[in-house]
Amino acid sequence: MTNVGITGLGFMGMIHYLAYERTRGAKVKAICETQPDRLAGDWRSIKGNFGPQGKRMDLEGVARYAQFDDLLADPKIDVVDICLPPDAHADAAIAALKAGKHVFCEKPIAMKPADAERMVKTARKRGKLLMIGHVLPFFAAYRFAYQTIKSQKYGKLLGAHFKRVISDPVWMTHYWNADKSGGPMVDLNIHDTHFVRLVCGMPKAVQTVGRMRGEVVELFHTQFLFADPQLMVTVTGGTINQQGRPFTNGYEIYLEQATLLFDSHAAMPVTVLTNDGRINRPKLGAGDPVDDFATETKEVIRAVTAGKPSPLLDGELARDALVLAYKQTESCRRGRSMKV
Ligand SMILES: NC(=O)c1ccc[n+]([C@@H]2O[C@H](COP(=O)([O-])OP(=O)(O)OC[C@H]3O[C@@H](n4cnc5c(N)ncnc54)[C@H](O)[C@@H]3O)[C@@H](O)[C@H]2O)c1
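Here the structure is a predicted model, which means the values were calculated and not measured.

In terms of regular secondary structure, the protein chain is built from 10 helices and 15 strands. In terms of C-alpha radius of gyration, the protein chain reaches 20 Å, essentially the compact-globule figure of 20 Å for 340 residues. Residues counted as buried form 44% of the 340 residues belonging to the protein chain. The long-range fraction of contacts in the protein chain, counting pairs at least 24 apart against all pairs at least 6 apart in sequence, stands at 68%.

And the structure:
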């Protein structure tokens, strides 16, 4: 059994807790939270944009800590799961790694690439796993895309376009603060940046055109440039302040013998258009978000049990995604392409 201690019992802490309940071989043995009601198991005040409503929880058998150091000192805990606000990730992860724990931390890995690098180096030095919760490859539509690209079933990847555009998340107080959240590029579109890094490798340059809001990018198009000049990969992302707009995401992925399509907004389920004129709609399950997160926590436990980094959750990939997000922002600000 792998024992987990979650710190930060807000929206993601709750989703992770529920995901571990569906993860064989894992048990949440402790939580750490500064808000007394949440620590006591009253999760009704927790708010997010998907998944179930928070409710009163029976936390019998779960140690409760108001101080992070007490969680780190708990010898029963194997994995510290960090669901704190982004600007607290680096210090918490480094302290946990130094305390001899494996770390699973929510995205983005950190607020600054230098902090991400420190986290990666500490994990390496301490011989512990650093995993970052980039959940996109665990969502059915993206899992299908990832597996289809990797399998080369339809030949090699020629290019792709990813999209993730939302209306302003007005409930997120620090969203536009470059040091606390980083706006859409670091908070939201890092999911697509990470996916691009995962399936295409590290680009050699980025070119972003977009609108800034203060220090952070508001709405943008990015072209990722690779050593292979024929690999064309673009992302459209950000926010547009029209509150009627739902969360929209999707992709068009061009392979030698098929195109993969998905668009949450236009109600386009995952669709495969093949060279011989066929249109296939693979069955991908019910789409319960807690199940998707449980696929992710199962991968955390698999990696810890095997004692080997996860190819999907590895901290170095997440660090690269953050580096790219900063290059994209710099490119947008300066109006020119940036070498990576
Ligand atoms: N993967 C996804 O789809 C996804 C979705 C939403 C958020 N996130 C990420 O998850 C992380 C957390 O976001 P959230 O929406 O859950 O935030 P949240 O504000 O809902 O929860 C954060 C919790 O941490 C607690 N906290 C703050 N400082 C603390 C401390 N020092 N010790 C203990 N507890 C402390 C707060 O009281 C709060 O309960 C962020 O990095 C965010 O980017 C990921």
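Text resumes after the structure shown.
With respect to spatial proximity, 23 residues lie near the ligand, and among them Gly 8, Gly 10, Phe 11, Met 12 and Glu 106 are the closest. Element by element, the count of residues in the shell around the ligand is highest for helix 1 (residues 11-21), at 3 residues. Residue composition of the shell around the ligand, grouped by class: 11 nonpolar, 7 polar and 5 charged.

In this section: the nonpolar core. If you look at the biggest cluster of nonpolar residues, it comprises 92 residues, and the most contacted ones within it are Ala 93, Val 103, Met 119, Leu 130, Met 131 and Leu 260. At 7 residues, helix 10 (residues 315-334) tops the list of elements feeding residues into this core. Looking at this core, you find at least three residues from each of domain 1 (2-134) and domain 2 (137-292 + 321-339). Here Ala 93 is in contact with Ile 82, Val 103, Cys 105, Met 119 and Leu 130, once residues within four sequence places are set aside.

With that settled, consider the domain arrangement of the protein chain. Assigned domains within the protein chain: domain 1 (2-134) and domain 2 (137-292 + 321-339). Domain 1 and domain 2 are separated by 26 Å when their C-alpha centres are compared. The set of elements that each furnish at least two residues to the side of domain 1 that touches domain 2 consists of helix 1 and helix 5 (113-126). By residue number, the principal contributor to the side of domain 1 that touches domain 2 is helix 1, which donates 3 residues. Each residue belonging to the side of domain 1 that touches domain 2 can be placed in one class, and the counts come to 12 nonpolar, 3 polar and 4 charged.

Here we take up the sheet that holds strand 12 (residues 258-263). One open sheet accounts for 9 strands, arranged 14-13-12-11-7-10-9-8-15; its pairing is mixed. Here the strands that pair on one side only, and so sit at the sheet edges, are strand 14 (279-280) and strand 15 (338-339). Note that strand 12 and strand 13 (residues 268-274) share 5 bridges and pair antiparallel. Counted as the bridge partner of Ala 258 is Thr 274 from strand 13.

It is worth spelling out the pairing of strand 7 (residues 157-166) at this point. Within strand 7, 7 of the 10 residues are buried, which leaves it mostly tucked inside the rest of the structure. Two strands pair when backbone bridges link them, and strand 7 and strand 11 (residues 248-255) are joined in this way by 8 bridges, in the antiparallel orientation. Bridge assignment links Arg 164 to a residue of strand 11, and that residue is Asn 249. With 8 bridges joining them, strand 7 and strand 10 (residues 232-239) adopt parallel strand pairing. Looking at the pairing, Lys 163 lines up with Thr 236 of strand 10.

Take the packing of helix 4 (residues 89-98) against helix 5 next. Contact geometry for helix 4 and helix 5: axes closest at 9 Å, N-to-C directions at 10 degrees. It follows from the interaxial angle that helix 4 and helix 5 lie roughly parallel. Taken together, the residues of helix 5 that come into contact with helix 4 (itself represented by Ala 90, Ala 93, Ile 94, Leu 97 and Lys 98) are Asp 115, Arg 118, Met 119, Thr 122, Ala 123 and Arg 126. By residue class, the composition of the contact of helix 4 with helix 5 is 6 nonpolar, 1 polar and 4 charged.

Viewed as axis vectors pointing N to C, helix 8 (residues 190-200) and helix 10 meet at an angle of 120 degrees, and their least axial separation amounts to 9 Å. Our classification of the angle between helix 8 and helix 10 gives oblique. Crossing of helix 8 over helix 10 shows right-handed handedness. On the side of helix 8, the interface is formed by Ile 190, Thr 193, His 194, Arg 197 and Leu 198, while helix 10 contributes Leu 317, Ala 318, Asp 320, Ala 321, Leu 322, Leu 324 and Ala 325.

To continue, consider helix 1. Where burial is concerned, most of helix 1 is hidden: 8 out of the 11 residues are buried. All of the buried residues along helix 1 are Met 12, Gly 13, Met 14, Ile 15, His 16, Tyr 17, Ala 19 and Tyr 20. Buried-residue contacts for helix 1 involve strand 1 (2-7), strand 2 (26-32), strand 4 (79-82), strand 5 (102-106) and helix 9 (289-306).

This brings us to the sheet that holds strand 1. Taken in spatial order, the 6 strands of this open sheet run 3-2-1-4-5-6, and their pairing is parallel. Each having just a single partner strand, strand 3 (63-65) and strand 6 (130-133) make up the two edges of the open sheet. Within this sheet the neighbouring strands show an average axis-to-axis angle of 25 degrees, counted without direction. Both strand 1 and strand 4 contribute to a ladder of 4 bridges, which runs parallel. Opposite Ile 6, over in strand 4, you have Asp 81 as the bridge partner. Where helix 1 meets the sheet, its contacts fall on strand 1, strand 2, strand 4 and strand 5, and the angle it forms with strand 1 comes to roughly 165 degrees.

Parameters and conventions
- Residues numbered from 1 in each chain as written.
- Predicted model: local features only at pLDDT ≥ 70, side-chain atom pairs only at ≥ 80, totals over all residues.
- Helix = DSSP H or I, 4+ residues; strand = E, 2+ residues; numbered from the N terminus.
- Rg over C-alpha atoms; globule rule 2.2 N^0.38 Å.
- Buried ≥ 20, exposed ≤ 12 C-beta atoms within 10 Å, placed from the backbone.
- Contact = placed C-beta atoms within 7 Å.
- Near = placed C-beta within 6 Å.
- Nonpolar A, V, L, I, M, F, W, Y, C, P; charged D, E, K, R; others polar.
- Core = buried A, V, L, I, M, F, W, Y, C linked by C-beta atoms within 7 Å.
- Domains from an automatic or database assignment.
- Pairing = 2+ DSSP bridges.
- Axes fitted to C-alpha atoms, helices over the stretch in contact; angles between N-to-C directions.
- Parallel < 35°, antiparallel > 145°, perpendicular 65-115°, else oblique.
- Left-handed = near helix turned anticlockwise from the far one by under 90°.

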